[in-house]
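Examination of the molecular architecture
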Amino acid sequence: MIENFDKEKCLDIYRLLKMSRRFEQKTLELGGQGEILGSLHVGVGQEAVHVGIALALKDGDITFRTHRDSGQMVAEGIDPKYLFAELMGKINGYCMGLGGSMHLPGISGVLGVNAPMASGAALAFKLRNEKRVAVGQYGDGASNLGPLHESMNMAAIWKLPVVFICENNGYAVTTSIKYSSLLENLSDRGKAWGIPGETVDGMDVMAVYKAASRLIERARSGEGPAILECKTYRYEDHSKSTANLVLSYRSKDEIAEWMKKDAIAGWAGKLLDEKICTKADLDKIDELVEKTIEEAVEFARNSPLPEPEDAFKHMYATEIKGIPQKGW
Ligand SMILES: Cc1ncc(C[n+]2csc(CCOP(=O)(O)OP(=O)(O)O)c2C)c(N)n1
Ligand SMILES: [Mg+2]
């Protein structure tokens, strides 16, 4: 038993961490082979944040994720086969293949909009008297954008049921947080709006889960918003298209230091040290994860591509003068 989790749940947390990582690593592999076109922003290394948030959300809650959170969708229980299909541009994808990685459901490619959108959702919950909570996720880079601060102030004065979760992975593309904020902890910004702010070890799934669920339940009980900063790290580069920058702005030693705190190895070690499970239990989960990922990729590979004219579906303007809609 760790916290209130029995052996089965502890192993399931291991499975979610693994699924989240293997899903994202697989997307990079498929991208490298030309099976996924366009860019990808993976959160490999940030799994403790993704799984911790997924565990803390309750049915009916809503989260607005960042461009780096597709692994979190898998941890939330979203079927990876439809995610792979979307990333490969196939009609069985969650957005019928028309969205791609930056437009997965609940993910925005526009920085700084998640806090406003989460605050808007929280306002709707409050007006409808629903006991639901909204979460707005954002990176350290996005934390400096104006709309985020405006919406945090409004959420504070209206005591909205929203929690702002900062995934501080230390960099915005190549810019270190050291150059973009004088604060040691970005959660201190809560003081400006009169709301609580906490910082946790974002490589520790239990630390994220405990703080996120406490603040989410606090918001649900009508006490208003809070900021949770998770200090974490991305192992891969900013995106598939910037992979050539790998070591131009950070050192190999820095990456190695963070990898020592790896969330998956840390959780597995804890389960073994506390004799909650055996190595064989973990190996079995690893096998299951690989099988699930492979089957999901096969499903996506075998799914059809949309027709060219499908590009004009699901748009506000369906007829565009001068642009042929058929037969090109
Ligand atoms: C409004 C806006 N400005 C710029 C960009 C380009 N952009 C995409 S990701 C990124 C860096 C984001 O850094 P951070 O918020 O720390 O998130 P991370 O990528 O580290 O997860 C930038 C500048 C964008 N998508 N939206
Ligand atoms: Mg960042």
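None of the values given here were measured: they were computed from a predicted structure.

Some words on the overall build of the chain
Helix and strand counts for the chain stand at 12 helices and 7 strands. In summary, the chain has a C-alpha radius of gyration of 20 Å against a globular reference of 20 Å for 328 residues, a match within 12%. For the chain, the spread of C-alpha atoms along the three principal axes comes to 60 × 50 × 45 Å. Out of the 328 residues in the chain, the part that is buried amounts to 50%.

A few points about the state of the cysteines
On inspection of all chains with the given rule, the structure shows 0 disulfides. This cysteine, Cys10, is not joined by any disulfide, and Cys277 carries the nearest cysteine sulfur, 8.2 Å off. Cys230 supplies the cysteine sulfur nearest to Cys166, a cysteine that is in no disulfide, at a spacing of 7.8 Å.

Thoughts on the pattern of salt bridges
Taken as a whole and assessed by the stated rule, the structure comprises 22 salt bridges. For Lys18, the salt bridge identified is with Asp286, shortest N-O distance 3.1 Å. Residue Lys18 is located in helix α1 (residues 7–32), and its partner Asp286 is located in helix α12 (residues 279–301); the two are separated by 268 residues in the primary sequence. Note on Lys18: relative accessible area 18%, which makes it buried. We note a salt bridge from Arg301 to Glu35, for which the minimum N-O separation is 2.7 Å. With a gap of 266 residues between them, Arg301 in helix α12 and Glu35 in the loop between α1 and α2 (47–56) connect regions that are remote in the sequence. A residue is classified by how much of its surface remains accessible, and Arg301, at 32% relative accessible area, is partly exposed.

Regarding the site of ligand 1
Around ligand 1, the surrounding shell holds 14 residues, and the nearest of these are His67, Arg68, Gly109, Gly141 and Tyr171. Residue Ala142 places a main-chain N or O atom 2.8 Å away from an oxygen atom belonging to ligand 1. In this structure, an oxygen atom belonging to ligand 1 sits 2.9 Å away from a side-chain N or O atom of Asn169. Isolated, ligand 1 exposes 590 Å² of accessible area, and the fraction of that covered by the protein chains is 72%. Placement of ligand 1 is best described as lying within the second largest pocket. Grouping the constituent residues of the shell around ligand 1 by class yields 6 nonpolar, 6 polar and 2 charged.

Topic: the coordination of the magnesium ion (ligand 2)
Within the first shell, the magnesium ion (ligand 2) binds the protein through Asp140 (OD), Asn169 (OD1) and Tyr171 (O), at distances of 2.1 to 2.2 Å. Counting along the primary sequence, the residues that act as donors to the magnesium ion (ligand 2) give the motif D-x28-N-x1-Y. Each member of the pair, Asn169 as well as Tyr171, is classed as buried.

A look at the packing of aromatic side chains
One pass over the structure, following the stated rule, counts 7 aromatic pairs. Taking the centre distance of 5.5 Å and the plane angle of 85 degrees together, the rings of Tyr82 and Phe299 count as edge-to-face. Placement of the pair is Tyr82 in helix α4 (residues 80–87) and Phe299 in helix α12, with a sequence separation of 217 residues. Since its relative accessible area comes to 25%, Phe299 is described here as partly exposed. Centre to centre, the rings of Tyr171 and Tyr249 are 5.1 Å apart; their planes meet at 70 degrees, and the pair counts as edge-to-face. Remark: Tyr249 occurs in the loop between β7 (226–231) and α10 (252–259) and Tyr171 occurs in strand β4 (residues 171–172); sequence separation between them is 78 residues. Residue Tyr171 shares its accessibility class with Tyr249, and that shared class is buried. Cluster of aromatic residues (ring-pair linked, three or more members): Tyr171, Tyr233, Tyr249 and Trp258. The lysine or arginine in question, Lys261, covers the ring of Trp258, its NZ or CZ lying 4.0 Å from the ring centre.

Looking at the sheet that holds strand β3 (residues 162–168)
Read from one edge of the open sheet, 5 strands run β1-β2-β3-β7-β6, paired in parallel fashion. The open sheet is flanked by β1 (62–64) and β6 (197–201), the only strands paired with a single partner. Put simply, the sheet's adjacent strands are angled 20 degrees from each other on average, direction ignored. Alignment of β3 against β7, held across 6 bridges, turns out to be parallel. Note that in β7 the partner of Cys166 across the bridge is Glu229. Most of the contacts of helix α6 (residues 146–157) go to β3, to which it runs at about 145 degrees, and overall it touches β2 (134–139), β3 and β7.

Some remarks on a nonpolar patch on the surface
There is a patch of nonpolar side chains on the surface, built from Met154, Ile157 and Trp158 and spanning about 310 Å² of accessible area. Note on Trp158: relative accessible area 39%, which makes it partly exposed.

Regarding the pairing of β2
Most of β2 is tucked away: 5 of the 6 residues are buried. Bridging between β1 and β2 involves 3 bridges; their strand directions are parallel. Note on β2: the bridge partner recorded for Thr63 is Val135. Of the pairings in the sheet, the one linking β2 to β3 comprises 6 bridges and is parallel in character. By the bridge assignment for β3, Gly136 is matched with Phe164.

Definitions and cut-offs
Residues numbered from 1 in each chain as written. Chains lettered and ligands numbered in written order. Predicted model: local features only at pLDDT ≥ 70, side-chain atom pairs only at ≥ 80, totals over all residues. Heavy atoms only, no water. Helix = DSSP H or I, 4+ residues; strand = E, 2+ residues; numbered from the N terminus. Rg over C-alpha atoms; globule rule 2.2 N^0.38 Å. Buried < 20%, exposed > 50% of the residue type's maximum accessible area, 1.4 Å probe, protein only. Disulfide = S-S within 2.5 Å. Salt bridge = Lys/Arg side-chain N within 4 Å of Asp/Glu carboxyl O. Near = heavy atom within 4 Å. Polar contact = N/O pair within 3.5 Å; in protein donor to acceptor, adjacent residues only side chain to side chain. Areas by Shrake-Rupley, 256 points an atom, 1.4 Å probe, with all protein chains shown as cover. 1 Å grid on protein atoms, 1.4 Å probe; cavity = no way out; pocket = protein on both sides within 12 Å on 5 of 7 lines; lining within 4 Å. Sits in = over half its atoms within 2 Å of the grid points. Nonpolar A, V, L, I, M, F, W, Y, C, P; charged D, E, K, R; others polar. Donors = N, O, S within 2.8 Å, 3.2 Å for Na, K, Ca; no water. Phe/Tyr/Trp six-rings, centres within 6.5 Å; stacked < 30°, edge-to-face > 60°. Lys NZ or Arg CZ within 6 Å of the ring centre and 35° of its normal. Pairing = 2+ DSSP bridges. Axes fitted to C-alpha atoms, helices over the stretch in contact; angles between N-to-C directions. Contact = heavy atoms within 4.5 Å. Patch = residues over 30% accessible without salt bridge, like charges linked within 9 Å, V, L, I, M, F, W, Y side chains within 5 Å.

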